[in-house]
Amino acid sequence: MNLIILFLFGLGLVWGSFLNVVIWRMPRGKSVADGRSICPKCKHVLAWKYNIPLLSYVFLRGKCAYCHKSISIRYPLIEFMTGIFFVWWFAVGFNFFKLVGSPWSYIQPVFWLVTGLVMFTILVIDLLYMVIPFGLNLTLFSLALAYRVGLTSFGIMNSADFFRALASGAGVCLLFVFLQAVTKAVKKVDGFGLGDIYLAPSLGLLLGWPKILPGMFSAFVLGSVVGLILIATKKKKMTQYLPFGPFLIIGTAISLLWGSAIWTWYMSLIV
Ligand SMILES: [Zn+2]
């Protein structure tokens with residue numbers, strides 16, 4: 001048990017290290033599979049011993065071995081978080097998402113692990129660069145669609161729910177297009193990026209109906225609260241763009257975990 005957890009944590013660190021590469025290269029239009037990692041400051045190719053997830057950062061005391069400039073805390077942080085995510089997935093998520101019938105008892109947990117990694121990557125890239133690479137949106141959408149089509153054709157999900165999930169995605173997509181047009185007309189800023197609009201259909205497929213509602217509600221509440229705090233503390237101006245992707249991802253995660261409970265509670269209030 002402890003060995004498995006240690007192994008998964010290590011595996012998560014390695015994946016986190018790969019996500020760091022994706023996060024650095026994708027917004028710059030560089031190929032993810034393109035050669036060895038370099039120091040972003042001195043461009044020196046990193047020897048393998050300086051590229052060990054988490055450990056190299058600790059041993060180098062956060063400084064590049066070649067130019068001695070500091071390495072962003074972001075790299076070990078993302079590795080550590082991915083490691084924790086793998087352990088969480090094994091301890092909690094695996095049973096949470098598990099379906100009984102083979103082969104879905106294996107496909108389902110692996111699907112949510114991979115989907116979680118893609119969502120986490122989108123969150124970090126949007127936070128850092130205010131852009132969601134189209135390739136990542138396409139990956140997430142393909143995953144979600146293949147998964148739902150698979151579930152439906154195996155009879156685990158009924159076709160009415162499948163169409164409701166598709167409609168949820170289309171609805172959120174249209175809502176964002178509308179809000180984008182309104183903010184553009186009223187405030188002369190892009191309230192929603194194209195990346196958010198492309199992200200919407202995937203969220204509909206992942207959450208389905210009615211979980212899309214608590215998901216979007218959480219995203220808008222979080223976005224407003226954080227936005228107001230940033231304006232109040234003068235870190236952002238009213239007209240400045242705040243990436244919405246991270247809130248959409250966090251809202252989706254909240255609804256995946258607690259959406260049914262939130263929805264039942266909400267319905268008990270109004271009925
Ligand atoms: Zn360097």
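Residues numbered from 1 in each chain as written. Predicted model: local features only at pLDDT ≥ 70, side-chain atom pairs only at ≥ 80, totals over all residues.

Novice: Explain the overall build of the protein chain to me, please; I cannot follow it from the model alone.
Specialist: For the protein chain, the helix and strand inventory stands at nine helices and zero strands. In the protein chain, the succession of helices and strands from N to C terminus is α-α-α-α-α-α-α-α-α. Relative to the compact-globule value of 18 Å for 271 residues, the protein chain shows a C-alpha radius of gyration of 20 Å, a close match. By principal-axis analysis of the C-alpha atoms, the protein chain measures approximately 65 × 55 × 35 Å. (Helix = DSSP H or I, 4+ residues; strand = E, 2+ residues; numbered from the N terminus. Rg over C-alpha atoms; globule rule 2.2 N^0.38 Å.)

Novice: Looking at this structure, how should I read the domain arrangement of the protein chain?
Specialist: Accessible area lost when the parts come together is the quantity often used to give the size of an interface. Domain parsing of the protein chain yields domain 1 (1–96) and domain 2 (99–271). One C-alpha centre belongs to domain 1, the other to domain 2; they are set 26 Å apart. If you look at the interface, domain 1 gives eleven residues, while domain 2 gives 14 residues. The leading source of residues in the side of domain 1 that touches domain 2 is helix 3 (residues 74–96), at five residues. Tallied by class, residues from the side of domain 1 that touches domain 2 come to ten nonpolar, one polar and no charged. (Domains from an automatic or database assignment. Contact = placed C-beta atoms within 7 Å. Nonpolar A, V, L, I, M, F, W, Y, C, P; charged D, E, K, R; others polar.)

Novice: Looking at this model, I keep getting lost on the packing of helix 6 (residues 159–187) against helix 7 (residues 194–207). Mind explaining?
Specialist: When two helices pack together, their arrangement is given by the angle between their axes and by how far apart the axes lie. It is at 7 Å that the axes of helix 6 and helix 7 come closest, and there the two elements cross at 155°. Here helix 6 is positioned roughly antiparallel relative to helix 7, judged by the angle of their axes. Every pair of crossing elements has a handedness; the one defined by helix 6 and helix 7 is right-handed. Between helix 6 and helix 7, the contacting residues are Ala 165, Leu 166, Ser 168, Gly 169, Ala 170, Val 172, Cys 173, Phe 176, Val 177 and Gln 180 on the first element and Asp 196, Ile 197, Ala 200, Pro 201, Ser 202, Leu 203, Gly 204, Leu 205 and Leu 207 on the second. (Axes fitted to C-alpha atoms, helices over the stretch in contact; angles between N-to-C directions. Parallel < 35°, antiparallel > 145°, perpendicular 65-115°, else oblique. Left-handed = near helix turned anticlockwise from the far one by under 90°.)

Novice: Looking at this structure, I do not really get the nonpolar core. What am I missing?
Specialist: One broad trend across soluble globular proteins is that nonpolar side chains are buried collectively. Of all hydrophobic cores here, the largest spans 43 residues; its most connected members are Ile 122, Leu 203 and Leu 248. Going through the elements one at a time, helix 1 (2–25), helix 3, helix 4 (104–129), helix 5 (134–153), helix 6, helix 7, helix 8 (212–232) and helix 9 (245–270) are the ones with two or more residues in this core. When residues in this core are grouped by element, the largest group, seven residues, is from helix 4. (Core = buried A, V, L, I, M, F, W, Y, C linked by C-beta atoms within 7 Å. Buried ≥ 20, exposed ≤ 12 C-beta atoms within 10 Å, placed from the backbone.)

Novice: Whenever I open this one, the UniProt feature "transmembrane region" (unreviewed entry) in the protein chain confuses me. Can you help?
Specialist: The positions UniProt marks with the feature "transmembrane region" (unreviewed entry) are residues 6–24, 77–97, 109–129, 136–156, 162–179, 215–232 and 244–266. What you have in residues 109–129 is 100% helix and 0% strand, and the ends, taken at the C-alpha atoms, are 30 Å apart. (UniProt positions renumbered as here; feature names shortened; annotations may be inferred.)

Novice: Any chance you could explain the UniProt feature "domain: Prepilin peptidase A24 N-terminal" (unreviewed entry) in the protein chain here in plain terms?
Specialist: Look at the UniProt record and you will see "domain: Prepilin peptidase A24 N-terminal" (unreviewed entry) annotated at residues 11–90. Secondary structure content for residues 11–90 is 46% helix and 0% strand, and the end C-alpha separation is 12 Å.

Novice: When you look at helix 4 in this model, what are you seeing that I'm missing?
Specialist: A turn of α-helix holds 3.6 residues, and therefore any two residues three or four places apart point the same way. Taking 1.5 Å as the rise per residue, helix 4 with 26 residues should run 38 Å; its terminal C-alpha atoms sit 36 Å apart, in good agreement. Downstream of helix 4 by a residue or two, Met 130 has a phi angle that is positive, lying close to 55°. (Expected span 1.5 Å × (residues − 1).)

Novice: Can you help me understand the environment of Leu 77 in this one?
Specialist: Turning to its location among the elements, Leu 77 is positioned in helix 3. Leu 77 sits in the partly exposed class, given 15 other C-beta atoms within 10 Å. Between the alpha carbons of Leu 77 and Phe 162 there is a distance of 37 Å; along the sequence they are 85 residues apart.

Novice: I keep staring at helix 5 and nothing clicks. Help me out?
Specialist: Its 20 residues give helix 5 an end-to-end C-alpha distance of 28 Å, which sits within 8% of 28 Å, the value for a rise of 1.5 Å per residue. Within the sequence span of helix 5, burial applies to Leu 136, Asn 137, Leu 140, Ala 144, Tyr 147 and Leu 151. On an axial view of helix 5, the arc spanned by its buried residues comes to 110°, and they lie on one face. Of the residues in helix 5, the exposed ones pointing more than 90 degrees away from the buried face are Phe 134, Gly 135, Leu 138, Ser 142, Ala 146 and Ser 153. Residues of helix 5 that are buried in the fold lie against helix 4 and helix 7. Two residues or fewer after helix 5 comes Gly 155, characterised by a positive phi angle close to 75°. (Arc of directions from axis to C-beta.)

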